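What the coordinates show
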Amino acid sequence: MLIKSPADGFEHPVPSEITPQVIYHGRRRMLQQLATGVAGVGMASWAARDGLAQGAGWGARPGKLTALAAKATAVEGGTTSDKVTPYKDASSYNNFYEFGTDKADPAVNAHTLPISPWAVEVEGLVKKPAKFSLEDLLKLSPMEERIYRLRCVEGWSMVIPWVGYSLAELIKKVEPLGSAKYVEFVSLADPKTMPYVGSRVLDWPYLEGLRLDEARHPLTLLGFGMYGEVMPNQNGAPVRLVVPWKYGFKSGKSIVKIRFTEKLPATAWSKAAANEYGFYSNVNPQVDHPRWSQATERRIGEDGLFAKKRKTLMFNGYEAQVGQLYAGMDLKKFY
Ligand SMILES: Nc1nc2c(c(=O)[nH]1)N[C@H]1C(S)=C(S)[C@@H](COP(=O)(O)O)O[C@H]1N2
Ligand SMILES: [Mo]
């Protein structure tokens, strides 16, 4: 990956140095965190850096959500010529079925998501299974800001500056066994706080999976924020996956468990309709969804409500980086 200055249309300033700590300056959020006792190490940095952070105009919308410091990393794969999607679109047009099936539902309903305390259990075929608290995860590796396209299987796309680090960093820590071939991701399924868990839209919890080499690929991001702030609940707080060369549904939100397996994991969407949603789900303009074409897409916030104006790129534009993962595979069969 290439480190460059932020892309065109990337509107907020980013720090040039690597800053592994979380900077807290959202006062409301801070009080909330104080009350629930989750702030931990971050609190000290909040106290020390509040003034600085505010003065520097940190984050796209300082004071709304907690700022999350990161080094800007431009990713080869063509996003640098794309305009970043406005924050209001990326945070109000969402798929998060635990909170409703309408695009507007998650932004309205996800305030009930119980994001603290939070832990991610890592288990299965690893030498060092562990339960990581959110605080552990935030400190595990320096944060980077990466502008990735996210392309939904429904035919729309966005360009989002995500904040996080490569999932590979976490994988290294737990030391997968030689028998581990796949990684399964389990999202929270709490019927008390997630109104659609219990509905029959999908089998809960929301499950996703990657092959181990896909999970280890440096582009695969463990995401904690976007637009310089912690993740809004509707986008999958406090920690989600972002796999930019696959259709959006592969990027599980609000993850509580990561399991290393020998067998191909079941996924929520392949359980719901195996002929429509394969395990790989690589963005591929040549393989149509059984009910619609995948050749073009509509960029949210730019292309109007109905027109699909853009040609969808193979592997969502990340072919140079990930193409070799699929060398020799029939991508029509492994869709
Ligand atoms: N737990 C969970 N994760 C999920 C989903 C979901 O319904 N539940 N929807 C997926 C789909 S279909 C897409 S396109 C992306 C949308 O991410 P965004 O709302 O941040 O754009 O999240 C994915 N992750
Ligand atoms: Mo999606």
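As a starting point, this report considers the structure included with it. Note that this is a predicted model, so its numbers are computed, not measured.

Reading guide: rules and limits
Residues numbered from 1 in each chain as written. Chains lettered and ligands numbered in written order. Predicted model: local features only at pLDDT ≥ 70, side-chain atom pairs only at ≥ 80, totals over all residues. Heavy atoms only, no water. Buried < 20%, exposed > 50% of the residue type's maximum accessible area, 1.4 Å probe, protein only. Helix = DSSP H or I, 4+ residues; strand = E, 2+ residues; numbered from the N terminus. Pairing = 2+ DSSP bridges. Contact = heavy atoms within 4.5 Å. Axes fitted to C-alpha atoms, helices over the stretch in contact; angles between N-to-C directions. Salt bridge = Lys/Arg side-chain N within 4 Å of Asp/Glu carboxyl O. Near = heavy atom within 4 Å. Polar contact = N/O pair within 3.5 Å; in protein donor to acceptor, adjacent residues only side chain to side chain. Areas by Shrake-Rupley, 256 points an atom, 1.4 Å probe, with all protein chains shown as cover.

Okay, the pairing of strand β8 (residues 221-226) next. Counting buried positions over the six residues of β8 gives six, a clear majority of the element. Pairing geometry for strand β5 (residues 156-166) and β8, over five bridges, is antiparallel. If you follow Val-163 over to β8, its bridge partner there is Gly-225. Where β8 meets strand β10 (residues 240-242), three bridges bridge the pair, whose relative direction is antiparallel. Paired with Leu-222 across the bridge in β10 is Leu-241. As defined by bridge partners, β8 adjoins strand β9 (residues 229-230) across two bridges and the pair is classed as antiparallel. If you follow Met-226 over to β9, its bridge partner there is Glu-229. Remark: two residues form the turn of the hairpin made by β8 and β9, two consecutive strands paired antiparallel; Tyr-227 in that turn has positive phi of roughly 50 degrees.

Bringing the environment of Leu-210 into the picture now. Within the secondary structure, Leu-210 sits in strand β7 (residues 207-211). With sequence-adjacent residues up to four places away left out, Leu-210 is seen in contact with Tyr-182, Val-183, Phe-185, Ala-215, Thr-220, Leu-241, Val-243, Lys-246, Lys-250 and Phe-279.

The strand order across the open sheet formed by five strands is β3-β2-β11-β6-β7, and the pairing between neighbours is mixed. A strand with exactly one partner marks an edge of an open sheet, and here the two such strands are β3 (130-133) and β7. Averaged over neighbouring strand pairs, the angle between their axes works out to 20 degrees when direction is ignored. Pairing geometry for strand β6 (residues 182-187) and strand β11 (residues 255-261), over six bridges, is antiparallel.

Turning our eyes to something else, we now look at the pattern of salt bridges. A full pass over the atoms with the stated rule returns 19 salt bridges. In this structure, the salt-bridge partner of Glu-123 is Arg-259, at a minimum N-O distance of 2.7 Å. Here Glu-123, found in strand β2 (residues 119-124), pairs with Arg-259, found in strand β11; they are 136 residues apart in sequence, far enough to count as distant. Where Glu-144 meets Arg-146, a salt bridge forms, and the shortest distance between an N and an O atom there is 3.0 Å. The exposure class of Glu-144 is buried, given its relative accessible area of 16%.

The full set close to ligand 1 counts 17 residues, and Tyr-97, Glu-98, Arg-240, Ser-251 and Lys-253 are the nearest of them. A distance of 2.8 Å is found between an oxygen atom of ligand 1 and a backbone nitrogen or oxygen belonging to Tyr-97. One nitrogen or oxygen atom from the side chain of Lys-253 is found 2.7 Å from an oxygen atom belonging to ligand 1. Its free accessible area being 540 Å², ligand 1 has 98% of it covered by the protein chains.

This next bit is on the environment of Leu-134. Its place among the elements puts Leu-134 in helix α5 (residues 134-140). As a C-alpha pair, Leu-134 and Ser-116 span 18 residues in sequence and 8.4 Å in three-dimensional space. Among all residues touching Leu-134, those that are not within four sequence positions of it are Trp-118, Phe-224 and Pro-238.

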